[in-house]
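Each chain, written out:
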Amino acid sequence: MSTTPVDTLPVVVIGAGPVGLAAAAQLATRNVPFVIVEAGEQIAASIREWAHVRLFSPWRYNTDPAARALLEPTGWTAPDPAWLPTGGELINDYLEPLAAHPAIAPNLKLGVKVEAIARQGFDKVRTAGRDAAPFLIRLSDGSELLARAIVDASGTWRSPNPLGGNGLAAHGETGAVAAGRVFAGMPDAAGTLREKFEGKTVAVVGAGHSATGTLLALAELPGTQVHWLLRSADPSRSYGGGAADALPARGSIGTRVKDLVDSGKVTVHTGFFIHEITADGLVSADGRTVGAQVIVNSTGARPDYSASTELRLDLDPILGSTRALAPLIDPNQHSCGTVPPHGYLELGHPEDGFYVVGAKSYGRAPTFLLATGFEQARSVVAALAGDLQAAAAVELDLPETGVCSTNNVNAAPAAAEESGCCGTPAPAADAKRGLATGVAGGLLTVPLVTVGAPAEQTGGGCGSSCG
Ligand SMILES: Cc1cc2nc3c(=O)[nH]c(=O)nc-3n(C[C@H](O)[C@H](O)[C@H](O)COP(=O)(O)OP(=O)(O)OC[C@H]3O[C@@H](n4cnc5c(N)ncnc54)[C@H](O)[C@@H]3O)c2cc1C
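From a predicted model like this one, the values you see are computed outputs, not experimental measurements. (Residues numbered from 1 in each chain as written. Predicted model: local features only at pLDDT ≥ 70, side-chain atom pairs only at ≥ 80, totals over all residues.)

Caption draft 1: Local environment of the packing of helix H1 (residues 18-29) against helix H11 (residues 370-384). One can describe the packing of H1 onto H11 by two numbers: an axis separation of 9 Å at closest approach and a directional angle of 35°. Crossing of H1 against H11: the hand is right-handed. Residues Pro-18, Val-19, Ala-22, Ala-23, Gln-26 and Leu-27 of H1 lie in contact with H11, whose contacting residues are Leu-370, Gly-373, Phe-374, Ala-377, Arg-378 and Val-381. Of the residues contributing to the contact of H1 with H11, the split by class is 9 nonpolar, 2 polar and 1 charged. (Axes fitted to C-alpha atoms, helices over the stretch in contact; angles between N-to-C directions. Helix = DSSP H or I, 4+ residues; strand = E, 2+ residues; numbered from the N terminus. Left-handed = near helix turned anticlockwise from the far one by under 90°. Contact = placed C-beta atoms within 7 Å. Nonpolar A, V, L, I, M, F, W, Y, C, P; charged D, E, K, R; others polar.)

Right, here's the structure in full:
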């Protein structure tokens, strides 16, 4: 048992993605000792897997204010606020310099995963004195850390939803028959993974922008036959608002996918609840079959709480966010992705000092935006530093998120499981840098992308567009 006073222990941040690093910047700014534990050998390991995808939110929304304040004196130049970066650009032009900052780099542990968390000396049942005990964090290298508080920013990328229509793995999904044939999220089908897809019969599962972005990428490949499997009764919700979409890049994705469907280049299978993966393809619950050599699972992701089963968490039974946050983001009720400002009060658990921020804080809701995560991190860190006034003063400079799925009056709000994230593959690297369109750069009332987004760019990340 440690005799170190708890309040001298560091705050442990789990995950060095954009929100974990923003939390680190906030902690450094407030002189709170911290350690960031990152499972990947490099920071932002999850984003590296979608480095080819162009975000739909321009730079001005993708950097954290505390991080900028740390970086600017080092000679770092903020990228063009109107540019839509790819995931790779987000890493190279912002996250890598931030992680290398002398206030952060010495506190970064790479290549170790947080495997389990408890209160030191307390199992989940024991109460008396619990809140005064440090957190004990067991790492994949066998070592343990003690912490005064935990900020879990581990995202959901590593835990995609299964293909099965009922939320369970489909029969065969975890067996040899599916091994090497199923790609989650938004694989680089027209780029680094091209040989896996070209000339093959491919089934894309899901209704969100990762699915539609993948359909567009596959349509470029000669000899590739594309099937699109949807749980919903018709694909129109995935087409979005087309020319009426407040987000031109997003509107164009839907329009181009509709053209592919209308021209027969993509075959749609609606009401397809996957029951089984076979060597030949997929079988629905009502006995239909679709041949597929390769399958893209774009059904979204869910939070993984397996490391924190010894903590007292109060999770919403539907989404797996906190109960306080759930009504603000539930895709059964909110298709637009707009969310009121929220912070440490909404993100707290009965386990005092444990917070989940970033994409994981949204649980299964597919509408998370970086700007939301930065404000969550700011508020939580302010609370941990004892500055409750700043912690409570949450201000979300989240732009309006543009077209909602309910703009289509015939469409039901998205089921989260069918609305996986996101994006379109980045257009050719030589896409010309556009100029701001002249829309004022105010943060509050203008939709993403139209805020000076370069017209040439076709972004398509997650957030509201997935919902
Ligand atoms: C394809 C795509 C496009 C998107 N586009 C946009 C966009 O345009 N605009 C926008 O605002 N948002 C967008 N998003 C949504 C969101 O902003 C991103 O998912 C973002 O990466 C979330 O950041 P995060 O820090 O919460 O999590 P992540 O980026 O997922 O980072 C989590 C980190 O934690 C690490 N980790 C995981 N488990 C552990 C563990 N047990 N121990 C230690 N480390 C661990 C991971 O390796 C990873 O580095 C997009 C998402 C996707 C998937």
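Caption draft 2: Structural context of the environment of Ala-203. By secondary structure assignment, the location of Ala-203 is in strand S10 (residues 201-205). Overall, the presence of 27 C-beta atoms within 10 Å leaves Ala-203 in the buried class. With 87 residues separating them along the chain, Ala-203 and Val-290 place their C-alpha atoms 8.0 Å apart. Among all residues touching Ala-203, those that are not within four sequence positions of it are His-227, Leu-229, Gly-281, Leu-282, Val-290, Ala-292 and Ile-295. (Buried ≥ 20, exposed ≤ 12 C-beta atoms within 10 Å, placed from the backbone.)

Caption draft 3: Expanded view of the sheet that holds strand S13 (residues 274-277). An order of S13-S14-S15 is seen for the 3 strands of this open sheet, with the pairing classed as antiparallel. The open sheet has two edge strands, S13 and strand S15 (289-291), and neither has a second partner. For this sheet, the mean angle separating the axes of adjacent strands, direction not counted, is 25°. One ladder, built from 3 bridges, connects S13 with strand S14 (residues 281-284); its direction is antiparallel. Each residue of the ladder has a partner; that of Glu-276, found in S14, is Val-283. (Pairing = 2+ DSSP bridges.)

Caption draft 4: Local environment of the sheet that holds strand S5 (residues 114-119). Read across the sheet, 3 strands follow the order S5-S6-S7 without closing on themselves; strand pairing throughout is antiparallel. Each of the sheet's edge strands pairs with one partner strand only, and the pair in question is S5 and strand S7 (144-147). Strand-to-strand twist of the sheet, defined as the mean angle between neighbouring strand axes without regard to direction, takes the value 25°. Summarising the sheet, S5 and strand S6 (residues 135-139) pair through 5 bridges and their orientation is antiparallel.

Caption draft 5: Quick peek at the pairing of strand S2 (residues 34-38). The element S2 is extensively covered by neighbouring structure, given that 4 of its 5 residues are classed as buried. One ladder, built from 4 bridges, connects strand S1 (residues 11-14) with S2; its direction is parallel. Looking across to S2, one finds that Val-12 is bridged to Val-35. Tracing the backbone out of S1, into H1 and back to the parallel element S2 gives a crossover that is right-handed. Here S2 pairs with strand S4 (residues 108-110) via 3 bridges, running parallel. Looking at S4, one finds that Ile-36 is bridged to Leu-108. (Right-handed = clockwise from strand over helix to strand, strands pointing away.)

Caption draft 6: Focus on the packing of H1 against helix H4 (residues 87-99). The geometry of H1 relative to H4 is characterised by a closest axis approach of 10 Å and an angle of 45° between their N-to-C directions. Judged by the angle between their axes, H1 and H4 are oblique. Read as a crossing pair, H1 and H4 show a hand that is left-handed. Within the contact between the two elements, H1 uses Pro-18, Leu-21 and Ala-25 and H4 uses Leu-95, Leu-98 and Ala-99. Of the residues assigned to the contact of H1 with H4, the class counts are 6 nonpolar, no polar and no charged. (Parallel < 35°, antiparallel > 145°, perpendicular 65-115°, else oblique.)

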